[in-house]
Amino acid sequence: MSRRPANAEPALVQAGVLAVMAAFLALVLILPMATVFYEALRKGLGPALEAVQNPDAVSAIKLTLITAAITVPFNAVFGVCAAWAVAKHEFPGKSFLITLIDLPFSVSPVVAGLIYVLIFGAQGWFGEWLIDHDIKIIFALPGIALATIFVTFPFVARELIPLMQEQGVDEEEAAVSLGASGLRTFWSVTAPNIRWGLLYGVLLCNARAMGEFGAVSVVSGHIRGLTNTMPLHVEILYNEYDFVGAFSVAALLCGLAIVTLALKTLLEILQPQTRRPGH
Amino acid sequence: MTISIQSVAKSFGRFPALNGVSLEIADGELLALLGPSGSGKTTLLRAIAGLEFPEAGQILFDGQDMTQVSAAARRVGFVFQQYALFRHMTVARNIAFGLEVRKGAGKPSKAVIQDRVEHLLKLVELEGLGGRYPSQLSGGQRQRVALARALAVDPSVLLLDEPFGALDATVRKSLRKELRRIHDATGVTTIFVTHDQEEALELADRVAILNLGVIQQVGTPAEVHDAPANAFVCGFVGEANRIEGEVQAGRFSAGDIVVPAPGVANGAATAFIRPHELTRAKTGAGGLRLTAERITPQGPVLHVEARTADGRRLEAAFARAGGLGFGVGDQVEVAVERAHVFGA
């Protein structure tokens, strides 16, 4: 006789819940993903590869990777700062700061893009000054990077805050009482304790940075071969009825996301037991 | 090192944690800060360590003002309640941390650090466990690592926050003896915080009792136990029967219970009678008549819960040797050898 835990549901209920879950996943996740790859390869591998090697596509891929390369380190540093401030210190306005960190999750990305257009656009607050000094932000890389940073800001901070709160300040206090400087305490004690959470947050941030559409769409200007990121390029190709091209670039984007998720899963497996010791 | 705490005050928001605390700690002393939770004892310990900074008053180490000096510069050894071991470092690296963070000429060589770690592992009886991670140790072992880590920096004072609070009773007892042994071996001035009066009385040279952010009494274990300064100390240290009554002309009375109360002003008062200060009296000698309700053996004594003729509950402890000669429901006469009476 198999051991049956006290909280186990009857087998029928279990099977039912699992079936519903599986059907749901198949319908909303697996089917669309499969469609992307199916449509991309509909006319064979050749046209798909061709579409990805098109100069405009290559430029979009480059721009996406550059944007992620700017956004992720920026948000990693600021995410650690914000989480450190929130989790390890008491100060007035703390709950306000937490709300502020969550703002990008609750604001529509289109609005985020519009904010930057209003500030830096030709008719915006700094528009004239920027034109006078020949600095391009909107319809250029800085605008795209800013909008992406805004949208992906919470990922690292949100990942780290609960982790750092749970770890408390005891180890930091111990390090200080043993004579360590503030910087030494951070590098020797705080950083090693949050490295897995940080990597996790960075990967999520990266996935979102590469896939961001709404905010980037507003600030990019859709200049082919210049300010088009991969998601924007997919849309353009699709609107031009170039389905193989659209789905090929989309498949590449999916591939990047899958690699990111695979890395994340690998991290979870590799993560040593030392992260959460029993008491 | 001597430590002098002068009128230290600290509050958290509107809640005062320390209310003008003054305390002198002698060189090489083992002092207990004893009090209920919320009494300010941990805040006082953290203020000595430099982990909290007082709003008023001064903290002197060997006559030198340390009030605003950072924890890193004070060279104290602090053992945290939950040990706060660095979870990603081995035991050896935990212990070496305080030496490795030193800069310039003060930093010992690798060989010296290794020797020191070996020596400390031996001192706390954890030889051979230097390569383990904290998560692979038992609670008692973690406690020893925390102690070794604090001692590694050759601290001028060793501070321990509820050092045995998270351990089970047997480990706690053996570690208590251990701490005494290590204190005697190193001679370092040691202050520990506890809410357990038994622990404080057994381990410390002197006990400082705190309540509501104020020191109630400082003295040897015998002094605070046998000559409590006030009703709080008397009730908190050791077991005592607490009896509310009245003092008239130097005598305290509450029903059948009448004890002398020299020097206590007339009016409402509280008497404390320790269970072992009730002794058997000859029948008919005019003693206090009690009816035994429950008898339980507690080590060398038999603990008797009893009631007076007018229904007051009293607890007494009689030597076990030779038996009691009475049982549950029997009447027994006792004399009150000593009582502590405090006016309301």
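Per chain, residue numbering runs from 1 following the sequence as it is written. Written order determines the labels here, with chains lettered from A and ligands numbered from 1. Note on the predicted model: pLDDT of at least 70 is required for a residue's local features to be given, and 80 or more for side-chain atom pairs to be given and counted; whole-chain, interface and lining totals, by contrast, use all residues. Computation of side-chain values covers all heavy atoms of the structure but excludes hydrogens and water.

Trainee: Tell me what's going on with helix α3 (residues 91-100) of chain B, and back it up with residues and numbers.
Mentor: When a residue's accessible area, from a 1.4 Å probe over protein chains only, is under 20% of the maximum for its type it is buried; when over 50% it is exposed; and in between it is partly exposed. Strands are runs of DSSP state E lasting at least two residues, helices are runs of H or I lasting at least four, and both sets are numbered from the N terminus onward. Along α3 of chain B, 7 of the 10 residues are buried, which leaves the element largely enclosed by surrounding structure. Listed in full, the buried residues belonging to α3 of chain B are V91, N94, I95, A96, F97, G98 and L99 of chain B.

Trainee: Explain the sheet that holds strand β20 (residues 340-343) of chain B residue by residue, including any values.
Mentor: All names here are of chain B. When DSSP finds two or more bridges between a pair of strands, those strands are recorded as paired. Pairing is antiparallel across the open sheet formed by 5 strands, whose spatial order is β13-β12-β11-β14-β20. Looking along the sheet, the strands with just one partner apiece sit at the ends: β13 (257-260) and β20. Neighbour to neighbour, the strand axes of the sheet diverge by 35° on average, direction disregarded. For strand β14 (residues 267-273) and β20, the ladder comprises 4 bridges, and the chain directions are antiparallel. The partner of A271 across the bridge, within β20, is V341. For helices, the fitted axis covers only the stretch in contact; all axes are lines through C-alpha atoms, and the angles between them, taken along N-to-C directions, range from 0 to 180 degrees.

Trainee: I'd like a description of the nonpolar core, backed by residues and values.
Mentor: Burial of nonpolar side chains together is a common tendency in soluble globular proteins. Only buried residues count toward a nonpolar core. Its members are Ala, Val, Leu, Ile, Met, Phe, Trp, Tyr and Cys residues joined through side-chain atoms within 4.5 Å. By size, the foremost hydrophobic cluster in this structure holds 43 residues, and its most contacted members are I95, L147, L151, L158 and V207 of chain B. Broken down by secondary-structure element, the contributors of at least two residues to this core are β3 (30-34), α3, α4 (110-123), α5 (139-152), β7 (157-161), α6 (169-186), α7 (197-203) and β9 (206-211) of chain B. Ranked by the residues each element gives to this core, the list is headed by α5 of chain B, at 7 residues. L178 of chain A together with I59, F86 and A208 of chain B belong to the second-largest nonpolar core, a separate cluster that totals 41 residues.

Trainee: Which residues make up the sheet that holds strand β5 (residues 64-65) of chain B, and what values go with them?
Mentor: Residues and elements named next belong to chain B. Here 4 strands make up an open sheet; going across it, the order is β2-β1-β4-β5 and the pairing antiparallel. Each end of this open sheet is capped by a strand with a single partner; those strands are β2 (15-25) and β5. In this structure, strand β1 (residues 3-12) lies alongside strand β4 (residues 56-61), joined through 5 bridges in antiparallel fashion. Within β4, the position partnered with I5 by the bridge is I59.

Trainee: Tell me about the pattern of salt bridges, and please be specific about residues and values.
Mentor: Between side chains of opposite charge, a pair can form as their charged atoms come close. Residues and elements named next belong to chain B. Salt bridges, as used here, are contacts in which a Lys or Arg side-chain nitrogen is within 4 Å of a carboxyl oxygen on Asp or Glu. Here the structure, examined in full by the defined rule, presents 27 salt bridges over all chains. A salt bridge links E125 to R144, with the shortest nitrogen-to-oxygen separation between them at 3.7 Å. Residue E125 is located in the loop between α4 and α5, and its partner R144 is located in helix α5; the two are separated by 19 residues in the primary sequence. Here E277 makes a salt bridge to R338, at a shortest N to O gap of 3.3 Å. Residue E277 is found in the loop between β14 and β15 (278-280), and its partner R338 is found in the loop between β19 (331-336) and β20; the two are separated by 61 residues along the sequence. Looking at R338, the relative accessible area reads 35%, which means it is partly exposed. Each of the salt bridges in this network shares a partner with another, and the network as a whole consists of E125, R144, E178 and R181.

Trainee: Give a description of α4 of chain B that names residues and reports values.
Mentor: Residues spaced three or four apart along an α-helix face the same direction, because each turn holds 3.6 residues. Residue and element names in this part refer to chain B. In this scheme, a helix's expected span is set at 1.5 Å multiplied by one less than its residue total. The end-to-end C-alpha distance of α4, which contains 14 residues, comes to 20 Å, matching closely the 20 Å that a straight helix rising 1.5 Å per residue would cover. Among the residues making up α4, those that are buried are I113, V117, L120, L121 and L123. Buried residues of α4, viewed axially, fall in a sector of 155°; they line one side. Residues of α4 that are exposed and point over 90 degrees away from its buried face: Q114, D115 and K122. This arc is built from the directions going out from the helix axis to the C-beta atoms.

Trainee: Which residues make up the layout of surface pockets, and what values go with them?
Mentor: Residue and element names in this part refer to chain A. As a volume, the largest pocket reaches approximately 780 Å³. Only protein atoms enter the 1 Å grid used here. Points where a 1.4 Å probe fits but cannot escape make up a cavity, open sets with protein on both sides within 12 Å along at least five of seven lines make up a pocket, and a residue lines them when an atom lies within 4 Å of a point. Lining the largest pocket are 27 residues; nearest its centre among them are W84, K88, H89, E172 and T190. At the level of secondary structure, the elements contributing two or more residues to the lining of the largest pocket comprise α3 (55-88), α9 (170-177) and α10 (182-211). In terms of residue count, the dominant contributor to the lining of the largest pocket is α10 (9 residues). Taken together, the residues of the lining of the largest pocket sort by class into 17 nonpolar, 6 polar and 4 charged. Grid points are joined across faces, edges and corners, and a volume is the space filled by probe spheres set on the points. In the scheme used here, Gly and all other residues not listed as nonpolar or charged are polar, with Ala, Val, Leu, Ile, Met, Phe, Trp, Tyr, Cys and Pro taken as nonpolar and Asp, Glu, Lys and Arg as charged.

Trainee: Give me the lowdown on the confidence of the model for chain B, citing residues and values where you can.
Mentor: In predicted models, pLDDT denotes the confidence assigned by the predictor to each residue on a 0 to 100 scale. Confidence in the prediction for chain B averages 91 pLDDT; 100% of positions are at 70 or higher. The ipTM value of the predicted complex is 0.82, and its pTM value is 0.80.

Trainee: Can you break down the interface of chain B and chain A residue by residue, with the values?
Mentor: We call two residues contacting when some pair of their heavy atoms lies within 4.5 Å. In this assembly, 25 residues from chain B lie in contact with 23 residues from chain A. Accessible-area loss on putting two parts together, using a 1.4 Å probe and summing over both, is the definition of buried area adopted here. A buried area of about 2,200 Å², summed over both sides, lies between chain B and chain A, and 59% of it is on carbon and sulfur atoms. At the surface where chain B touches chain A, the tally comes to 2 salt bridges. Among the ionic pairs, E173 of chain A bridges to R46 of chain B, the shortest N-O distance being 2.6 Å. Any pair of N or O atoms that falls within 3.5 Å is considered a polar contact. Within protein, one atom must be able to donate a hydrogen and the other to accept it, and sequence-neighbouring residues count only if both atoms are side-chain atoms. The tally of links from chain B across to chain A stands at 5 residue pairs in polar contact (both at pLDDT 80 or more).

Trainee: Tell me about the packing of aromatic side chains, residues and numbers included.
Mentor: To describe a pair of aromatic rings, you give the distance between the ring centres and the angle between the ring planes. Pairing of aromatic rings covers Phe, Tyr and the six-membered ring of Trp, with a centre-to-centre limit of 6.5 Å; geometry is then stacked below 30 degrees between planes, edge-to-face above 60, and tilted otherwise. Applying the stated criterion across every chain, the model contains 14 aromatic pairs over all chains. Charge over a ring is defined by NZ of Lys or CZ of Arg lying within 6 Å of the ring centre and within 35 degrees of the ring normal. The lysine or arginine in question, R280 of chain B, covers the ring of F318 of chain B, its NZ or CZ lying 5.8 Å from the ring centre.

Trainee: Lay out the side chain of T64 of chain A with the relevant residues and their values.
Mentor: As for its placement among the helices and strands, T64 of chain A is situated in helix α3. Dropping the residues within four chain positions of it, T64 of chain A is found in contact with M210, T229, M230 and P231 of chain A.

Trainee: So, the pairing of β1 of chain B: which residues are in play, and what are the values?
Mentor: Residue and element names in this part refer to chain B. In this sheet, β2 lies alongside β1 in antiparallel orientation, the contact comprising 8 bridges. Paired with K10 across the bridge in β2 is L18. Taking the residues that link successive antiparallel strands as the turn, the β1-β2 hairpin has 2 residues, and the phi of G13 there is positive, at about 65°.

Trainee: How would you sum up the environment of I61 of chain A? Please name residues and give values.
Mentor: Residue and element names in this part refer to chain A. Relative to the helices and strands, I61 resides in helix α3. Exposure remark for I61: the relative accessible area of 19% places this residue in the buried category. Between the alpha carbons of I61 and L160 there is a distance of 30 Å; along the sequence they are 99 residues apart. Setting aside residues up to four positions removed in sequence, I61 forms contacts with V52, M230 and L252.

Trainee: Account for the environment of A9 of chain B, with residues named and values stated.
Mentor: All names here are of chain B. Relative to the elements of secondary structure, A9 occurs in strand β1. Spatially, the C-alpha atoms of A9 and N19 are 4.9 Å apart, while their sequence positions differ by 10 residues. Those residues within four positions of A9 in sequence are excluded, and the remaining contacts are L18, G20, P54, E55 and A56.

Trainee: Tell me about a positive patch on the surface, and please be specific about residues and values.
Mentor: Two distance rules govern patches: like charges are joined within 9 Å, and nonpolar side chains (Val, Leu, Ile, Met, Phe, Trp, Tyr) within 5 Å, applied only to residues with over 30% relative accessible area and no salt bridge. Using a 1.4 Å probe, accessible areas were evaluated by the Shrake-Rupley method; residue-level cover was limited to the displayed protein chains. Counted as positive: Lys and Arg. Counted as negative: Asp and Glu. His and the chain ends are not counted at all. Note that the charge is assigned to NZ on lysines, CZ on arginines, CG on aspartates and CD on glutamates. On the surface, a cluster of positive charge is made up of R184 of chain A together with R93, K103, K107 and K110 of chain B. Counting through the fold element by element, K103 of chain B comes out in the loop between α3 and α4. Owing to a relative accessible area of 65%, K103 of chain B belongs among the exposed residues under this scheme.

Trainee: Describe the state of the cysteines, with residues and values.
Mentor: When two cysteine sulfur atoms are found within 2.5 Å, that pair is recorded as a disulfide. What the rule picks out here adds up to 0 disulfides over all chains. Not part of a disulfide, C205 of chain A finds its nearest cysteine sulfur in C81 of chain A, a span of 14 Å.

Trainee: Can you lay out unusual backbone geometry for me, pointing to particular residues and giving the numbers?
Mentor: Positive phi values are uncommon outside glycine, yet F139 of chain A reaches one of about 60°. Residue position: F139 of chain A is located in the loop between α6 (127-132) and α7 (141-152). By relative accessible area, F139 of chain A is classed as partly exposed at 40%. Phi at D154 of chain B takes a positive value of approximately 55°, unusual for a residue other than glycine. Examined against the element boundaries, D154 of chain B turns out to sit in the loop between α5 and β7. Among the residues examined, D154 of chain B registers a relative accessible area of 53% and is labelled exposed.

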